[in-house]
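Topology and contacts: notes
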Amino acid sequence: MITGVLSAQDHEGEDVETGGHDLKTEIKEYIDHHLLDSHDFNLFSYTTDEGEHKYIGAPLPVILWDNGLKVFSSSKLKHGDGVAEVDGNYYKLYHNKIYKTDTEGTINYDTQHGKETHTEDAFGENLVVDDAHPTNEKPLDFSITKNVVFIILVGLLMFLVFRSMAKRYQKSNMPKGVGRFLEPLVMFVRDEIAIPNIGEHKHKRYMSYLLTVFFFVWIINLLGLTPLGVNVTNNIAVTFALALITYLITTFTGNKNYWKHIFWMPGVPVPMKIILAPIELLGTFIKPFSLMIRLYANITAGHVVLMSIIGLMFIFKNWIGSPLSFLLAFALSLLELLVAALQAYIFTMLSALYFGMATEEDHH
Amino acid sequence: MTIPNIVGAGLIVIGAGLGIGRIGGQAMDAIARQPEASGKIQTAMLIAAALIEGIGFAALFAA
């Protein structure tokens, strides 16, 4: 945002050049950078008077597996400008992915380079998008990026808080401190989500996973709304991992009735059974897949719209447009708060529903 | 943002809006008939709305 303001001040008098550093491109770059994962943890950046970019933040370790473990600090990657040299191998950051290059940092593109697609961007201007995909080798990237740091932090936080709450329950019936806030929430998950869907007898096995997912998703969504720029659920890999765990739990705790309902649905004639079996099998995959897409799309769409409206504030530089955009952004932020909690609830509820379907007793 | 993209996005919003609107309307009818069950009906309505919204978003990404 500060970059946007500074560049706006620079260009007020000049003609706006196409491509390069006019305000719209700058905003787009900022939005992209804010929403994607990054290998360092920078809070904000600014351009000094000499045109240098300075970043305030901390570099995070980069861990690569490239015929051997290579660990180095991401400050060597210089935010995509420089080439990092480690043990005779050279690595370069391109669009937030690490590629192996030579000393100059050349990226070899495949045959699509040079073919460009001309589309119109959101402001109606012509945008030339390069279709190139780099064909450099990519080492396996196990780095501790911004997202990983925050997943670990939230996990640690949840562990500490709930552990202290559990220890308190050994001494007395009433929790103290943060436990007083969390106890109704835990009971909500048990009484409204777990028991109606899974049933009285079996819900205890799944309670730990449901509670973990509920609070994890809620806290992570809330953290994504702060100016820290951590968008964990923005990453489809994270939601994929959560949905995968749900799928694994339903598959491994399904009882005989569950599998019978999928492959050989009782109570229908035989030709229908043969048709239903592949559809039901596909259904077991599609249900967690929809969990993944739902969480990812809701959070990502909300963030993109919010950042675009904030960017709109910098484009309208008069007295009416900017405050209106600000109010719109504020209203949307309130909606985002609701969406954060709602998506956590929906994810947990649907997971509980799938577990319930997996362990249903025969009721014919 | 070509014309087919925009038309597709509009259709998706119409579909999602109609679906959720119908559910909301029927939920309100049900609550009017039986105010004691309003908690359960509200829960069911939110679940259905989230499912429809899920498809809507998935399609919106494709368009």
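Look above for the structure.
A brief report on the enclosed structure follows. (Residues numbered from 1 in each chain as written. Chains lettered and ligands numbered in written order. Predicted model: local features only at pLDDT ≥ 70, side-chain atom pairs only at ≥ 80, totals over all residues.)

Regarding the overall build of chain A
What counts is decided by this rule: Under the DSSP-based scheme used, a helix requires at least four consecutive residues in state H or I and a strand at least two consecutive residues in state E, with every element numbered from the N terminus. As a rule, residues whose C-beta atom has 12 or fewer other C-beta atoms within 10 Å are exposed, those with 20 or more are buried, and those in between are partly exposed; C-beta atoms are placed from the backbone. Any residue pair is listed as a contact if its two C-beta atoms, each placed from the backbone, are within 7 Å.
Scanning chain A from N- to C-terminus turns up nine helices and 10 strands. Burial status across chain A gives 21% buried among its 364 residues. Counting only contacts in chain A whose residues sit at least 6 apart along the sequence, the fraction spanning at least 24 positions is 56%.

Describing the environment of Val7 of chain B
All names here are of chain B. Considering the arrangement of structural elements, one finds Val7 in helix α1 (residues 3-33). Note on Val7: 11 C-beta atoms within 10 Å, which makes it exposed. Note: C-alpha distance between Val7 and Ala44 (37 residues apart in sequence) is 31 Å.

Section: the nonpolar core
All names here are of chain A. Cut-off, in case you're wondering: Among buried residues, those of type Ala, Val, Leu, Ile, Met, Phe, Trp, Tyr and Cys that are joined through C-beta atoms within 7 Å form a set called a nonpolar core.
In terms of nonpolar packing, the biggest core is built from 36 residues, with Ala194, Leu210, Phe214, Val217, Leu295, Phe347 and Ala352 touching the most fellow members. Of all the elements, helix α9 (residues 321-358) adds the most residues to this core, at 11 residues. Ignoring sequence-local partners within four residues, the contact set of Leu295 consists of Val217, Thr233, Thr239, Gln343 and Phe347.

As for helix α4 (residues 178-198) of chain A
Think of an α-helix as 3.6 residues a turn; residues three or four steps apart then line up on the same face. Residues and elements named next belong to chain A. What counts, and what does not: Expected span of a helix: the number of residues minus one, times 1.5 Å.
In this model, α4 (21 residues) spans 28 Å end to end at C-alpha, consistent with the 30 Å of a helix rising 1.5 Å per residue. Where α4 is concerned, the buried positions are Val189, Ile193, Ala194, Asn197 and Ile198. In this structure, the buried side of α4 is in contact with α5 (203-224) and α9. Gly199 sits one or two positions beyond α4 and adopts a positive phi of about 105°.

Quick notes on the packing of α4 of chain A against α9 of chain A
Residue and element names in this part refer to chain A. For clarity, the threshold we go by: Lines are fitted to the C-alpha atoms to define the axes, a helix being fitted only along its stretch in contact, and any angle between axes, read from their N-to-C directions, falls within 0 to 180 degrees. Orientation is classified from the angle alone, with under 35 degrees giving roughly parallel, over 145 giving roughly antiparallel, 65 to 115 giving roughly perpendicular, and any other angle giving oblique. Each helix crossing is assigned a hand: it is left-handed if the near helix lies turned anticlockwise from the far helix by less than a right angle, otherwise right-handed if that turn is clockwise. Polarity classes work like this: nonpolar for Ala, Val, Leu, Ile, Met, Phe, Trp, Tyr, Cys and Pro, charged for Asp, Glu, Lys and Arg, and polar for all others, with Gly in that last group.
One way to put it is that α4 packs onto α9 with a least axis distance of 7 Å and a crossing angle of 30°. On the basis of their axis angle, the class for α4 and α9 is roughly parallel. The element α4 and its partner α9 pack so that their crossing is right-handed. Mapping the contact onto sequence places Val189, Ile193, Ala194, Asn197 and Ile198 in α4 and Thr348, Met349, Ala352, Leu353, Phe355 and Gly356 in α9. Of the residues assigned to the contact of α4 with α9, the class counts are eight nonpolar, three polar and no charged.

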